[in-house]
Amino acid sequence: MTMSVAMTVNGKAVSGNVEARTLLVQFLREHLGMTGTHVGCDTSQCGACVVHVDGVSVKACTMLAVQAEGSKVTTIEGLAASPEKLHPMQEAFRENHGLQCGFCTPGMVMSAIDLVKRHNYAVTEEIVRHGLEGNLCRCTGYHNIVKSILAGAQAMKAAGV
Amino acid sequence: MGNVKIGERVQRKEDRRFLTGSGRYVDDLQLARVTYAYFLRSPHAHAKIRKIDTSKAAASVGVVQIFTGKDVAEAKVGGLICGWVVKDKHGNPHKAPAHPAMAADTVRHVGDTVAMVIAATADQARDAAEKIEVDYEVLPAQINLAGALDPKAPQVHADAPGNLCYDWELGDKAAVDAAFAKAAHVTKLDLVNNRLVPNAMEPRAAAAEYDRGTGNYTLYTTSQNPHVARLVLSAFVLGIPEHKLRVIAPDVGGGFGSKIFIYPEETMLTWAAGKIGRSIKWTAERSESFMTDAHGRDHVTHAELALDAKGKILAFKVDTIANLGAYLSTFATAVPTYLYATLLAGQYTTPVIYCNVRAAFTHTTPVDAYRGAGRPEATYVVESIVSKAAREMKIDSAELRRRNYIAKDAFPYQTPVALTYDSGNYAPILDQAMKLADYAGIDARKAAAKAKGKLRGIGVCSYIEACGIAPSAVVGSLGAGVGLWESAQLKFNPTGNLQILTGSHSHGQGHETTFAQIVSDKLGIPLDQIEVVHGDTDKVPFGMGTYGSRSLPVGGSAIMKAADKIIAKGKKVAAHLMEAAEADIVFENGTFKVTGTDKAVPLGQAVFAAYVPHNYPADLEPGMDENAFYDPSNFTYPSGTQICEVEVDPDTGVVDIVNFVAVDDFGNIVNPMVVEGQVHGGIVQGVGQALLENAAYDEKTGQLISGSYMDYTMPRADDVPSFKLGYEVTPCPHNPLGVKGCGEAGAIAAPAAVMNAVRDALAAVGAQDRIEMPATPQRVWAAINAH
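Nothing here was measured: the structure is a model prediction, and the numbers come from that model.

## As for the layout of surface pockets
Each pocket or cavity is described by its volume, and for the largest pocket that value is around 1300 Å³. If you go around the largest pocket, you meet 46 residues; those closest to its centre are Gln26(A), Glu30(A), Asp27(B), Ala122(B) and Asp123(B). Looking at the lining of the largest pocket, the elements with two or more residues in it are β2 (12–19) and α1 (24–31) of chain A together with β1 (35–41), α4 (122–129), β12 (280–283) and α8 (286–292) of chain B.

This is the structure we're talking about:
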């Protein structure tokens with residue numbers, strides 16, 4: 001049985017017919033062809049699929065597409081103002097070598113932005129490390145991710161985003 | 001981005017696409033008329049397949065085709081191969097039992113492939129697979145490694161009696177025994193090197209296409225070495241001619257060894273795509289990755305170290321049982337032998353060494369190379385026993401190491417276990433590490449910790465590794481089925497921009513930046529005019545791929561060699577254009593100059609002249625496009641010292657890493673930013689092994705207990721600290737970049753550094769010999785409270 005679903009993704013109205021069991025991440029990847037959001041596990045542990053739903057970070061593998069009906073969804077593809085102008089958090093990851101293979105990166109960046117906002121930009125290494133417990137990275141050893149997020153928090157504050 | 005030099009912290013060219021969700025990993029590919037595969041897997045560790053009934057599944061919605069092991073056997077699809085023949089102590093080749101891509105009559109580990117369902121959607125394939133009825137006759141399984149060689153153990157393969165793959169040795173046993181007889185002190189140690197699951201964040205995936213018109217196959221796969229995958233699938237498994245199979249490894253989300261190997265799934269996909277004439281895609285679920293990605297480590301070892309009264313090492317003997325799992329993975333046999341026992345000299349002048357390795361089959365997931373591959377296991381044995389000897393002899397553990405280091409003027413240094421170390425200077429590395437770690441202040445910190453009821457410990461690990469794998473003739477003489485050179489092509493376009501085609505594959509290492517960086521330095525071309533192309537067998541001439549920290553020392557050297565050919569040809573063109581003798585032309589900063597004059601031709605002008613050869617040397621071929629193959633003359637030998645400091649809470653058993661220092665000698669460094677990232681990542685994988693990770697099986701049923709991220713403790717950001725890094729540089733003397741490789745060092749050294757620190761902390765309560773990896777809170781608490 002299929003159900004119709006409509007939402008806003010990165011500012012654009014989208015809709016589709018999905019099976020009831022379709023996850024939000026499947027809707028994004030398979031129905032909309034937006035493959036920036038990744039799937040790294042099957043137990044909602046790795047965080048590669050983190051997106052923002054109505055401004056809050058959500059693991060898109062734990063939410064059915066139909067649960068996002070009417071929501072405003074932001075994915076990694078919707079962060080940068082233009083291909084040249086990255087979001088300050090994306091730029092901070094680039095400057096601080098906060099990524100290697102890039103697979104966990106979309107989820108890391110989306111989690112990081114929400115983390116920084118939740119703490120009103122006042123993050124410390126301890127807050128960042130604790131706040132990342134829902135995001136796994138196997139490449140970086142987290143050192144440069146933590147550095148990126150601390151720098152990104154400053155840059156977000158300065159840019160007022 | 002303008003010109004850059006070797007040694008600069010150049011930001012990565014690849015980052016923009018990864019940061020904007022524009023990477024293209026295998027699962028992101030959208031193929032026309034694609035179908036989806038789901039693999040039905042054995043729930044048993046060992047069973048006979050009496051019957052498979054696929055009739056209900058075949059009638060399920062969306063199903064295109066179902067294949068079983070019987071279909072594969074009837075089609076005479078070749079089995080998966082092991083590409084390295086190890087000869088046992090009697091000169092006989094290792095036992096090589098068949099490894100069918102799908103099990104026809106017997107399953108040998110939980111997760112063994114039983115059937116492949118192809119359907120219109122992934123969900124339909126999975127739904128249908130649930131309707132397949134398999135009648136299993138469950139048999140006793142051998143899970144535990146220590147008991148695998150027991151004559152009464154259940155047998156994994158009829159043609160490997162006693163579950164023994166090989167009984168192998170290296171070194172001079174008689175000389176070792178004689179040295180032990182004269183020793184003032186002998187330290188004995190039993191160790192378990194715990195089994196790990198590699199866990200690249202991108203699960204393995206594949207997509208196969210078959211073109212009926214041409215008979216050509218294309219396989220997209222998560223591979224660290226697409227040309228090797230093509231070679232193995234063509235020549236040994238599927239029989240598709242090599243030129244009719246294109247293998248593409250696009251963006252790959254980490255490998256750590258697990259994506260070197262040729263697995264059943266991509267084999268089946270390629271074969272089945274030809275059978276059904278449609279594209280097929282498969283992406284592993286994480287639970288499948290746990291069950292079927294080749295695991296790492298898994299040794300049980302007894303070691304003994306003989307020393308004189310002053311702590312000088314006289315001899316070393318090691319007896320290891322290595323787990324190979326249920327089948328031989330692609331390079332499984334080499335890991336516990338030539339990548340392990342050859343490293344047992346470490347950084348020391350140990351005059352005689354003997355190592356015996358018995359490799360066993362068990363009803364578990366196959367084991368193969370995982371970041372470091374054999375070298376972490378060797379380092380863990382050497383560095384654990386050296387620290388234990390120091391404790392027993394009441395010599396400071398850093399000092400005991402220093403007394404035994406190979407001196408800086410002793411290189412090239414022939415060890416008693418086959419390798420010839422090319423270069424190194426170990427003592428300054430230790431000095432720097434001790435300074436960064438404030439080694440001198442440890443007693444005060446121990447006292448302060450004790451005052452608040454905690455146990456402090458410090459651990460040193462001085463590692464050596466052999467990487468830049470490897471001289472073809474050497475590995476060939478040791479049983480490798482391939483040569484381990486690398487290829488490169490530097491292809492200029494008439495407009496002056498450049499493509500570097502490399503046989504190395506980047507899956508996080510940043511080759512698109514560092515390879516461009518070395519060419520920008522060498523040829524004086526802006527970084528943004530250089531594109532690195534990798535991972536496609538139809539584009540890149542050939543490649544042996546990325547593993548064993550070989551990309552820069554071997555792949556980078558091939559690029560340098562091709563660049564030399566570009567300069568040599570450019571000189572001829574420039575000499576002609578400037579009406580000068582070729583011998584008078586020098587190449588500096590991207591420009592050909594006539595010595596002693598102000599005449600100059602930029603490289604771009606020479607390139608243009610080579611493609612538009614209106615005014616051009618008569619005897620010179622047009623074009624500026626050079627190929628090079630580089631075969632190293634020796635391994636490279638990165639070395640370093642890590643110092644870890646921990647604080648243990650005796651009430652909870654929690655180990656907190658309070659300081660972690662790594663000082664490495666990687667030879668010359670191309671991009672320090674990338675190197676630091678490699679070290680950080682490696683250290684955390686090593687910390688994971690020491691404190692958190694364990695592939696634990698139920699010893700009766702063979703179920704992988706730690707088979708998901710709910711159960712397998714991956715290191716998270718709050719499990720680890722930030723790190724202090726330092727470098728010493730002794731350039732590699734035998735490759736053009738003077739580089740040694742940095743990809744594995746962190747993972748090689750960290751387990752011993754951490755465990756030596758934990759043991760040092762536990763020594764205060766006499767529990768230092770009661771702890772194995774991973775030193776989880778439960779184990780640490782139990783060690784402290786054992787009576």
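## Description of the domain arrangement of chain B
Residue and element names in this part refer to chain B. Structurally, chain B comprises domain 1 (18–22 + 32–87 + 98–139 + 199–292), domain 2 (299–470 + 634–785) and domain 3 (485–630). For domain 2 versus domain 3, the separation of C-alpha centres amounts to 40 Å. The contact between domain 2 and domain 3 buries some 1400 Å² in all, and 63% of this surface belongs to carbon and sulfur atoms. It is Ile469, Val670 and Leu737 in domain 2 that bury the most area against domain 3; as a group they hold 36% of the surface buried on that side. Across the domain 2-domain 3 interface, the total number found is 0 salt bridges. Taken together, domain 2 and domain 3 are joined by 8 residue pairs in polar contact (both at pLDDT 80 or more).

## Comments concerning the pattern of salt bridges
Residue and element names in this part refer to chain B. By the definition in use, this model includes 50 salt bridges over all chains. Residue Arg401 pairs with Glu383 through a salt bridge whose shortest N-O separation is 2.6 Å. Of this pair, Arg401 sits in helix α10 (residues 397–404) while Glu383 sits in helix α9 (residues 375–393), placing them 18 residues apart in sequence. An identical accessibility class is assigned to Arg401 and Glu383; each is buried. Each of Asp438, Arg445, Lys452, Lys454, Arg456, Glu645 and Glu647 takes part in salt bridges that share partners, so that together they form one network.

## Notes on empty space enclosed by the protein
All names here are of chain B. For the structure on display, the rule yields 7 cavities of 30 Å³ or more. Roughly 220 Å³ of volume is contained in the largest cavity. Lining of the largest cavity is provided by 23 residues; of these, Leu80, His99, Tyr263, Pro264 and Pro366 occupy positions nearest its centre. Here the lining of the largest cavity is composed, by residue class, of 13 nonpolar, 7 polar and 3 charged. In this structure, the second largest cavity spans a volume of roughly 80 Å³. If you go around the second largest cavity, the residues you meet are Arg204, Ala205, Thr221, Thr222, Ser223, Ala229, Lys259, Phe261, Ile262, Tyr263, Glu266 and Trp282.

## Structural notes on the interface of chain B and chain A
When the parts come together, some accessible area is lost, and that loss is often what is quoted as the size of the interface. The interface is formed by 53 residues belonging to chain B together with 49 residues belonging to chain A. Around 4400 Å² of area is buried between chain B and chain A when both sides are counted, 52% of it from carbon and sulfur atoms. In terms of surface lost to chain A, no three residues of chain B exceed Arg16(B), Leu19(B) and Met201(B), which account for 17% of the buried area on that side. Applying the counting criterion to the chain B and chain A interface returns 5 salt bridges. The salt bridge partner of Arg138(A) is Glu693(B), with a shortest N-O separation of 2.8 Å. The tally of links between chain B and chain A comes to 30 residue pairs in polar contact (both at pLDDT 80 or more). Secondary structure elements with two or more residues in the side of chain B that touches chain A: α1 (15–19), α4, α8 and α17 (672–692) of chain B. Here the side of chain B that touches chain A gets 8 residues from one element, more than from any other, and that element is α17(B). Per-class residue counts for the side of chain B that touches chain A are 22 nonpolar, 17 polar and 14 charged.

About the thresholds
- Residues numbered from 1 in each chain as written.
- Chains lettered and ligands numbered in written order.
- Predicted model: local features only at pLDDT ≥ 70, side-chain atom pairs only at ≥ 80, totals over all residues.
- Heavy atoms only, no water.
- 1 Å grid on protein atoms, 1.4 Å probe; cavity = no way out; pocket = protein on both sides within 12 Å on 5 of 7 lines; lining within 4 Å.
- Points joined across faces, edges and corners; volume = space filled by probe spheres on them.
- Helix = DSSP H or I, 4+ residues; strand = E, 2+ residues; numbered from the N terminus.
- Domains from an automatic or database assignment.
- Buried area = accessible area lost by both parts, 1.4 Å probe.
- Salt bridge = Lys/Arg side-chain N within 4 Å of Asp/Glu carboxyl O.
- Polar contact = N/O pair within 3.5 Å; in protein donor to acceptor, adjacent residues only side chain to side chain.
- Buried < 20%, exposed > 50% of the residue type's maximum accessible area, 1.4 Å probe, protein only.
- Nonpolar A, V, L, I, M, F, W, Y, C, P; charged D, E, K, R; others polar.
- Contact = heavy atoms within 4.5 Å.

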